[in-house]
Amino acid sequence: LLKLKDDHLWLAHERLVVKPDMLFGKRGKNNLVLLDGTLPSAISFIQERMHQEVAIGNTLGEVTHFIIEPYVPHKEEYYLSIICKRDENTISFSPCGGIEVEENWDKVRHLGIGVDTNIDDLDVSPLLVGVSHEHVPVLSTFIRACYRVFVELDIHLLEMNPFTLDQSGQPFPLDMRCELDDCASFLHVEDWKVNGHDVEFPYPFGSKLHPEERLPPTSLSFSSIDFSFIVTFRRGSYMNSTRRQAPR
């Protein structure tokens, strides 16, 4: 990290947020988020928690990756998610986002959208119950923009918890995750690139690979194997024995 600050000067001059960059939630409730920190406190925070085992629900896993972001002072914390379902896409929004969003799930509003429906033809204001009147226009525009990106990139799930309004009054995601369906990857070879590299699909948190799964695909080879099997038909005493050869 001390070397990184030479290439990223903001690390030494801005307040920081540190949290695991892995596929699990409830990081705040597990004391895995540092808010409004400095570079020395960020380094200590990561060193104390790197390779720590944590239980997320019934899953036990090791923390191995962290992300450092600029700290954004804010008052509001909103929740937004868009998910693809069989017959429609669903937008969910709450003015009570953040660490307690599940405890306030009754405040989450949902809007179903047909897969062929243009988001610009819909009124999304019913989602924004409980939002200050002056913030409704900018949040409506933001939700529509997120939905267009969701559709254009074939995203399965887009979730921000929370996002806020920065000092200029513009939406700013504080924590976000996306789920992509790799069946659509051939359509988005360039769109899904991250810093010029193909997107990687990480393994679920807590999963442990067998030694064979760690081998690159090019190291796998196949051998020709002869094997026999017997199929028995319950028709008198008839038995049919066949011999097959595994494909080369």
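Nothing here was measured: the structure is a model prediction, and the numbers come from that model.

For strand E3 (residues 53-56) and strand E4 (residues 59-62), the ladder comprises four bridges, and the chain directions are antiparallel. Bridge pairing in E4 places Ala 55 opposite Leu 60. Where E3 hands over to E4, the hairpin turn is made up of two residues, of which Gly 57 adopts a positive phi near 65°.

The three strands are arranged E2-E1-E5 in an open sheet whose pairing can be described as antiparallel. Single-partner strands in this sheet number two, and they are strand E2 (34-37) and strand E5 (66-70). Pairs of neighbouring strands in the sheet enclose a mean axial angle of 20°, with direction left out of account. Two elements, strand E1 (residues 16-20) and E2, share two bridges in a ladder whose sense is antiparallel. The residue of E2 that forms the bridge with Leu 16 is Gly 37.

In this structure, Arg 49 sits in helix H3 (residues 39-49). Take Arg 49: its relative accessible area is 11%, and that puts it in the buried class. Apart from residues lying up to four places away in sequence, Arg 49 is in contact with Asn 31, Leu 32, Val 63 and Phe 66.

Another point: the environment of Leu 35. Residue placement: Leu 35 occurs in strand E2. A relative accessible area of 54% places Leu 35 in the exposed class. Discounting residues that sit within four places of it in the chain, Leu 35 has contacts with Leu 16, Val 17 and Tyr 71.

Attention now goes to the pattern of salt bridges. Applying the stated criterion across every chain, the model contains twelve salt bridges. Across the pair Lys 19 and Glu 69 runs a salt bridge whose closest N-O atoms are separated by 3.3 Å. One end of the pair, Lys 19, is in strand E1; the other, Glu 69, is in strand E5, and 50 residues separate them in sequence. Measuring nitrogen to oxygen at the nearest pair gives 2.6 Å for the salt bridge that ties Lys 193 to Asp 198. Residue Lys 193 is classed as partly exposed on the basis of its relative accessible area, which comes to 28%.

About the thresholds
Residues numbered from 1 in each chain as written. Predicted model: local features only at pLDDT ≥ 70, side-chain atom pairs only at ≥ 80, totals over all residues. Heavy atoms only, no water. Pairing = 2+ DSSP bridges. Helix = DSSP H or I, 4+ residues; strand = E, 2+ residues; numbered from the N terminus. Axes fitted to C-alpha atoms, helices over the stretch in contact; angles between N-to-C directions. Buried < 20%, exposed > 50% of the residue type's maximum accessible area, 1.4 Å probe, protein only. Contact = heavy atoms within 4.5 Å. Salt bridge = Lys/Arg side-chain N within 4 Å of Asp/Glu carboxyl O.

Honestly, that's just the spatial picture; any functional story needs more than this.
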